[in-house]
Amino acid sequence: MHNRPAENHVSSLSVRALDQLMPMHLIISATGHIVRAGPTLAKMMPEIQFSGARLLEIFELQNPPTADSMTDLYAVAGQALRLRFRRSPNTQLKGIIVELPETNGLLLNLSFGISVIEAVQKFNLTISDFAPTELVVEMLYLVEAKSAVMNESRNLNLRLQGARIAAEEQAFTDTLTGLKNRRALEHILGVAAAQHRPFALMQIDLDFFKDVNDTMGHAAGDHVLQHVSSTLVQATRSDDTVARIGGDEFVLVIDNQVDKRALNDLGLRIIRRLEEPVFFKGDPCEISASIGVSFSSDYSCVDPSEMLADADAALYDSKNKGRAQVTLATPYVATRRAANG
Amino acid sequence: MHGLINRSIECFVRDIYGLDQWQQIAAASEIGFDSFEPLLVYEDELTARVLDAAALNLGKPVEIILEDLGTYLVSHPNVQSLSRLLRFGGETFTDFLHSLADIQDRARMAVPELEMPMLSLRSHIYGNFTLYCSDGYPGIGHVLVGMLRAMADEYGALVLLEHLGGKSEVEAISVQVMETRFSEGSIFKLGRADA
């Protein structure tokens, strides 16, 4: 049955040539025993005595799954095989079997599939353990190069993330309303105080805002805050500063204006406009505001945090007097605080 | 010039001469920051300014700095990954020399926008080679000399190297392989120890 025309055969290979071409080959006798194993297999599993052992004692044929006799092995010749070592670490292998007509034996050539990355590590393999025509080395190069690049990429992402957080922390804008935030306010007050420009500080706290939030939800609350913001911006000049410094707390810096009557009027005007109901999904949201104002002209030496504290004290006077009012921090309050402080 | 290359110049100066030196060089070259991002691409001109400032600050000719950079890239413990990647090029130093012809493809496989010079190797008799380097940043040949010297150590080969200078943008390096197994070298296993 094996008498084939001569032109279909090439001269037989020396074992050295076999080792070079297929360092993971096995020659199997007609009885299903291993006659010899390639050098890489021998290096991987030094504790296994390959020659003389039955092939299927050492390897489990997983696909196709039927083989347990030599006849079965002939039957799978030419097919792609999945095998694994029966012995730990049970490395997965790919293989192909071809017939050796002279001896009725078989030649099984093995290779690592994707398990190569683990295998080279586990078995301490080097370049010379693979045939130079195999792409294993290029594949490993690529895996290692890509993981180095991924590592750099991860570092870059971490740095960018850090930079984004830092930028957010340094931002001067309140994201909900687009107004200045507390950090910006402190900066502006510092500049105004250093330049000895007269200015008034108006601290505004919304009244009944919590009720809107509690009964109509946060979306309604946010809607009201945005409406308040645009009202405050409209009520002031472009040189003035409008800042949101807390949930429902706002501060206006009115530039070059320390006339008490004018500021009182401005405060009342703002309260009137804020009391006009805002509609959210058809329902009216009703709020008001309490206001306290301090004036840089009341201080011999302007300290922004002192002015903020005095405006805040005046604001609480407004709250205590029944809300929806404007209280001007009196020079007396200012001096008293200065004396106590 | 790719950030990886700029970054390696930065790491070289930092690891060999210290952070202070690097910061002075970065300031003197007016690049506007003090650390390159390895995955971004920068204008070539920045690299030239950094190298000129380094030469001035360190009091060494640019050629020497470039050669030291090449040696650093292969042999310094902080940058072991490159010498490993280069050793995938072959089992012996001679195989490795021949693999340099693929360096553009190898670099592109890892980082598509990383441009490497075109290297071609001419073999002469008795283990003598000439490595030609074209399309590269001027002076890249000196980096190669430093790298080849350190790679020869890696492979345990005894090698004589000489930068033959360059004309019309091609730099030539003479490589004389006296002995391929002069010393033990370091063993290269395909699997990474830390993987």
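Our subject in this report is the structure included herewith. All values reported here derive from a predicted model rather than from experimental measurement.

What to know about the packing of aromatic side chains
- Applying the stated rule across the entire model yields 13 aromatic pairs over all chains.
- On the basis of an interplanar angle of 40 degrees and a centroid distance of 5.8 Å, the ring pair of B:Phe93 and B:Phe96 is categorised as tilted. One end of the pair is B:Phe93 and the other is B:Phe96, both in helix H6 (residues 93-99) and three residues apart, which spans about a single turn.
- With a relative accessible area of 1%, B:Phe93 lands in the buried category.
- Note on B:Phe96: relative accessible area 2%, which makes it buried.
- With a centroid separation of 5.7 Å and an interplanar angle of 35 degrees, the aromatic rings of B:Phe96 and B:Tyr155 are classed as tilted. Here B:Phe96 is found in helix H6, whereas its partner B:Tyr155 is found in helix H8 (residues 140-155), with 59 residues between them in sequence. With respect to class, B:Phe96 is no different from B:Tyr155; both count as buried.
- Lying across the ring of B:Tyr155, B:Arg87 places its NZ or CZ 4.4 Å from the centre.
- Its guanidinium or amino end placed over the ring of A:Tyr141, B:Arg106 lies 4.9 Å from that ring's centre, counting from NZ or CZ.

A few points about the environment of B:Gly136
All names here are of chain B.
- Structurally, Gly136 is set in the loop between strand S2 (128-134) and H8.
- According to the relative accessible area criterion, Gly136 is partly exposed, its value standing at 30%.
- In sequence terms Gly136 and Met116 are 20 residues apart; their C-alpha atoms lie 6.7 Å from each other.

Thresholds applied
- Residues numbered from 1 in each chain as written.
- Chains lettered and ligands numbered in written order.
- Predicted model: local features only at pLDDT ≥ 70, side-chain atom pairs only at ≥ 80, totals over all residues.
- Heavy atoms only, no water.
- Phe/Tyr/Trp six-rings, centres within 6.5 Å; stacked < 30°, edge-to-face > 60°.
- Helix = DSSP H or I, 4+ residues; strand = E, 2+ residues; numbered from the N terminus.
- Buried < 20%, exposed > 50% of the residue type's maximum accessible area, 1.4 Å probe, protein only.
- Lys NZ or Arg CZ within 6 Å of the ring centre and 35° of its normal.

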